[in-house]
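Structural description and commentary
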Amino acid sequence: MRLAQERGIFGLIKFNLFGQKQRFFCVLLKIILIVNWLIGINNCNYAKERQKMLARYESVKIVGAGISGIVCALTLAKSKIGKNFSIKVFENTDRPGGRAHAVKVQNSFVDLGAGRFSYNLHHNVKKEIMNFGLSYEPFPFTKLWQSHEFHKSLKGVLRELKPLLVEHENDSFLDFLTFYIGGERAEKMIDALGYDSLSLPNITPRIAFDIIEKHPETQGFSDNSGDAWYNLEEGFSSLTEALYKQAIEYGVEFYFNHRLMSVDLDSTSPSFTFLKDGEKKVRVSGDYNVLALPPTVMSRLDCGFPQDWSDCTYGAIPLFKGFLFYDSPWWEELGLTDHVMITSNQLRKLYFKGDKYIFFYTDGDCANFWKDSSERGSEYYLKTVKELILDALPSPLNELPDPVDHTCKYWQHGVEFANEYGPQHPLSLVSKCSRIISTSDAYTPHCGWMEGGIMAGRNAAEIILSRVALKQQESDEKVACQA
Ligand SMILES: Cc1cc2nc3c(=O)[nH]c(=O)nc-3n(C[C@H](O)[C@H](O)[C@H](O)COP(=O)(O)OP(=O)(O)OC[C@H]3O[C@@H](n4cnc5c(N)ncnc54)[C@H](O)[C@@H]3O)c2cc1C
């Protein structure tokens, strides 16, 4: 009554109605909360399940600690889900870097392997060098000392012949040249270019023009003469070392002195067997497996390479570099400083580096010539080098001083490539018998260059990341179904 008096009759009716409404809403709210709670439990289970899956370590085993293998490992480790990977890299030698290998002689770093990069052609290499703040300097050997009878006319002849290469897609460069300028001149022309591989039967005119345009010593014979080249002050090992150290910081583990002996291609659980320190056999298996090895190594393993991996066949060319250090730079008075000379003898390309040292760089048969010569002992080797330098010099010198130090390196498979190379060639191959990935600079448009190694390594990592994403999606769908 008191309430009716206080609120009035309308107030009372409103209050009761509202009170009922409130109770109704309270009940509804409770139902919503319970349903939410139940869904919450489900979501929570789902999230837990998902987290459990994400937290599961995906193990990745990579063989080869050249730039391809290191970049593959680093790309995975740096990826969004990188912390869920256990990444192990196995390497035959006791150092990272593979064909990037600098040594310090007489206070100078010299590159026994990879030694220069182009600003225009090698964007990924340049970017990594900038990221790590590595010191680089101009690689001056676009300056050619024109010593060959063909050097003056070479650019004009090549310019005239280039439009005709479309009619000779399947011919060799040597046959192509022979067809237009005759056999003798064709051979002299290749001699004047300094790269013996240009006369190989699998080098087509298109590949040959590409080589000429994209090498510092020969680019002057093309319309690409302005390209700037650089080398790293501490050698190319400083790049692979920097990548290697960064990979370690990101949790990648490296195992050196592990030589891959055999591959078990079991399609569900492939595995690798290594010889550790030349003695003990070690078998490893990962969820994801990568062979960051050049094709010649692949074909020595019992893994059906190349037929079970690719429609292409692969080839390799030997390379040799020899460095000589003198008390004084005798080449300065000849005006040769920072020039490269293309010779007709077995030195082929002779470089005069500032006032520091000279070196020569050969491919194919000449590389094998220097391998044989160096194996006959230092005395024989240095005597041969001296005779051939004297033979090549523009102004005859009576005597050459003996070098105070020297170093050299023969690479049996210095450059690796696909014989039937085309832009459609994948950057990585996947075994048809298992899911093992093979990656190498040889598969890329930059075969024979570090740039190709970076591209290949990243590509292998991307394949793994997409496989992990697919697996994740499949298990998400499974969990959602179960829920
Ligand atoms: C003399 C020379 C000059 C060059 N000049 C240049 C240049 O000026 N600029 C440039 O950009 N590039 C140059 N290159 C090319 C460049 O070095 C390569 O493109 C690049 O290093 C390839 O890297 P990769 O990782 O694909 O292969 P690699 O460097 O060959 O790495 C493969 C790794 O696998 C390891 N391995 C091999 N077999 C086994 C096994 N059974 N078990 C375990 N591990 C194994 C090797 O030891 C090596 O570390 C040059 C190469 C040479 C040899």
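Our subject in this report is the structure included herewith. This one's a predicted model, so the numbers in the text were calculated from it and none came from an experiment.

Cut-off values and rules
- Residues numbered from 1 in each chain as written.
- Predicted model: local features only at pLDDT ≥ 70, side-chain atom pairs only at ≥ 80, totals over all residues.
- Heavy atoms only, no water.
- Near = heavy atom within 4 Å.
- Polar contact = N/O pair within 3.5 Å; in protein donor to acceptor, adjacent residues only side chain to side chain.
- Areas by Shrake-Rupley, 256 points an atom, 1.4 Å probe, with all protein chains shown as cover.
- Core = buried A, V, L, I, M, F, W, Y, C linked by side-chain atoms within 4.5 Å.
- Buried < 20%, exposed > 50% of the residue type's maximum accessible area, 1.4 Å probe, protein only.
- Helix = DSSP H or I, 4+ residues; strand = E, 2+ residues; numbered from the N terminus.
- Expected span 1.5 Å × (residues − 1).

1. Quick word on the site of the ligand
Taken together, 31 residues lie around the ligand, and S68, E91, R99, R116 and M450 are the ones closest in. L260 is positioned such that a nitrogen or oxygen atom in its backbone is 2.8 Å from a nitrogen atom of the ligand. Contact between the ligand and D441: an oxygen atom at 3.0 Å from a side-chain N or O atom of the residue. Burial of the ligand by the protein chains amounts to 95% of its free accessible area of 1,000 Å².

2. Here we look at the nonpolar core
In terms of nonpolar packing, the biggest core is built from 42 residues, with L154, L158, F173, L177, M189 and L198 touching the most fellow members. Of all the secondary-structure elements, those providing two or more residues to this core are α4 (151-161), α5 (173-181), α6 (183-193), α7 (205-213), β14 (314-325), β15 (340-342) and β17 (357-363). Sorting elements by how many residues they give to this core places α6 first, with 5 residues. Residues F85, L239, F256 and I464 belong to the second largest nonpolar core, which totals 40 residues.

3. What about helix α2 (residues 67-78)?
Every α-helix carries 3.6 residues per turn, so stepping three or four residues along brings you back to the same face. With 12 residues, α2 extends 16 Å between its outermost C-alpha atoms, agreeing within 8% with the 16 Å of an ideal straight helix rising 1.5 Å per residue. Summarising burial for α2: 10 of the 12 residues are buried, a large majority. Turning to α2, its buried residues are I67, S68, G69, I70, V71, C72, A73, L74, L76 and A77.

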